[in-house]
Amino acid sequence: MSLLEDREFLAQLRTLELSLKPSRPSPRLGLHALNFRGRSLEFAEYREYREGEDLRDLDWKVWGRSDRFYVKLRDAHAPATAMLFLDDSPSMVTASPQASVPKHQAAALVAFGLASVLQRNGDASSLHLLSQPYPEPPRSSRRSFLHQVQRLRTVAAGQQLAEPRPLPRMRSKSIDHAFVISDFLEPLDAWKTRLETIQHLAWQTICLQVLDPWEANPPQAETELEDAEAAERRRRITPEEWRQYRARLEQHQHQLEGLCRKKGMRLHTLETTGAMASQIRKLLERALWKGSRG
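Predicted model, so just to flag it, every value in this text is computed and none were measured. (Residues numbered from 1 in each chain as written. Predicted model: local features only at pLDDT ≥ 70, side-chain atom pairs only at ≥ 80, totals over all residues. Heavy atoms only, no water.)

### So, the environment of proline 218
Phase 1 of the analysis: With respect to the helices, strands and loops of the structure, proline 218 is situated in the loop between α6 (213-216) and β10 (223-226).
Phase 2 of the analysis: Sequence spacing of proline 218 and leucine 249 is 31 residues, and the spatial spacing of their C-alpha atoms is 9.3 Å.
Phase 3 of the analysis: Those residues in contact with proline 218 that lie beyond four places of it in its chain are Pro213, Trp242, Tyr245, Arg246 and Leu249. (Helix = DSSP H or I, 4+ residues; strand = E, 2+ residues; numbered from the N terminus. Contact = heavy atoms within 4.5 Å.)

### Here's the deal with the environment of threonine 81
Phase 1 of the analysis: With respect to the helices, strands and loops of the structure, threonine 81 is situated in strand β6 (residues 81-86).
Phase 2 of the analysis: Overall, the relative accessible area of 19% leaves threonine 81 in the buried class.
Phase 3 of the analysis: For the pair threonine 81 and serine 125, spaced 44 residues apart in the sequence, the C-alpha separation amounts to 5.7 Å. (Buried < 20%, exposed > 50% of the residue type's maximum accessible area, 1.4 Å probe, protein only.)

### Focus: the sheet that holds strand β9 (residues 202-211)
Phase 1 of the analysis: Read across the open sheet, the five strands follow the order β7-β6-β8-β9-β12; overall the sheet is parallel. Here the strands that pair on one side only, and so sit at the sheet edges, are β7 (124-129) and β12 (266-271). Strand-to-strand twist of the sheet, defined as the mean angle between neighbouring strand axes without regard to direction, takes the value 20°.
Phase 2 of the analysis: Summarising the sheet, β6 and β7 pair through six bridges and their orientation is parallel. Residue phenylalanine 85 lies in a different strand from β7, and its bridge partner there is histidine 128.
Phase 3 of the analysis: Most of the contacts of helix α5 (residues 188-201) go to β9, to which it runs at about 140°, and overall it touches β6, β8 (175-182) and β9. (Pairing = 2+ DSSP bridges. Axes fitted to C-alpha atoms, helices over the stretch in contact; angles between N-to-C directions.)

### Digging into the packing of aromatic side chains
Phase 1 of the analysis: All told, the structure shown has four aromatic pairs when counted by the stated rule.
Phase 2 of the analysis: Relative to tryptophan 242, the ring of tryptophan 214 has its centre 5.8 Å away and its plane inclined at 80°; by these criteria the two rings are edge-to-face. One end of the pair, tryptophan 214, is in helix α6; the other, tryptophan 242, is in helix α7 (residues 239-262), and 28 residues separate them in sequence.
Phase 3 of the analysis: Tryptophan 214 gets classed as buried once you look at its relative accessible area, which sits at 14%.
Phase 4 of the analysis: Residue tryptophan 242 is classed as buried on the basis of its relative accessible area of 6%.
Phase 5 of the analysis: Centroid distance tryptophan 242 to tyrosine 245: 5.9 Å. Interplanar angle 75°. Geometry classified as edge-to-face. Taken together, the residues tryptophan 242 and tyrosine 245, both in helix α7 and three residues apart, mark about one turn of the helix. (Phe/Tyr/Trp six-rings, centres within 6.5 Å; stacked < 30°, edge-to-face > 60°.)

### Things to note about unusual backbone geometry
Phase 1 of the analysis: Residues other than glycine seldom take positive phi values, yet lysine 173 does so here, at roughly 50°.
Phase 2 of the analysis: With respect to the helices, strands and loops of the structure, lysine 173 is situated in the loop between α4 (142-156) and β8.
Phase 3 of the analysis: Looking at lysine 173, the relative accessible area reads 29%, which means it is partly exposed.
Phase 4 of the analysis: Located in the positive-phi region is phenylalanine 184, a residue other than glycine, with phi close to 55°.
Phase 5 of the analysis: Residue placement: phenylalanine 184 occurs in the loop between β8 and α5.

### A closer look at the pairing of β7
Phase 1 of the analysis: Across the six residues of β7, six count as buried, placing the element largely inside the fold.
Phase 2 of the analysis: Residues of β7 alternate between two faces, with Ala124, Ser126 and His128 on one and Ser125, Leu127 and Leu129 on the opposite face, all of them buried.
Phase 3 of the analysis: One crossover worth recording links β6 to the parallel β7 by way of helix α3 (residues 103-120), and it is right-handed. (Right-handed = clockwise from strand over helix to strand, strands pointing away.)

Next comes the structure, spelled out in structure tokens:
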């Protein structure tokens, strides 16, 4: 995972701005506007007073001029909370000859990009590997971030990859944002259950799909592939087998997109080809951020 030490990649991450929306006020000042107006120093607008509202928000000068009661609304800014759900299953090791890196390395780099920007902005985050039993609560400390980076190095190295475990039921809407990073090629019933659990936890869920070039665009010619379980063996894939695979993949992708759309989740896809630093930056900018500074 040499991109972790790549100064150009890190500089690109520093130009990104989050467009997260916290769901609750916080005693700490953050970068993000709340989903609702609060009480702070930054004036937003006036609105007519409604019975039962806090009288401290009334603007008495406006009442003196107009004989009508108006509430002074102000923008509140607070940190956001986020959880990163990373697929570390053996299926993520796929790397065709056209791939720049295996899927598990690209997915780890996407998670690192998210975690680093969240930490820099003072937001609380945590990393949960789908093979692990219990997610950790989001934290904003430097120590928590370094722990996430160490776990991402393990995933990027292809160590300790394991099949996903069922997610435990967590407290409803206890975090602001969930980011799910996977190839999403597991049977759709498994993903439906997993995404429903994550949606119960978070106010907003964003799915970031990482695909090998041959998964996104299967070749049409006869091809030899390494056996997934024994690299010394090779298997010949005929054009007809590729055609059948392409049909199944298109059907699965269509159903996945429909599932995300039905649940109000955004789905964005990254192919593991080309310059990965630029690819990852574009993915994150397109999916999650308002844009670049300057």
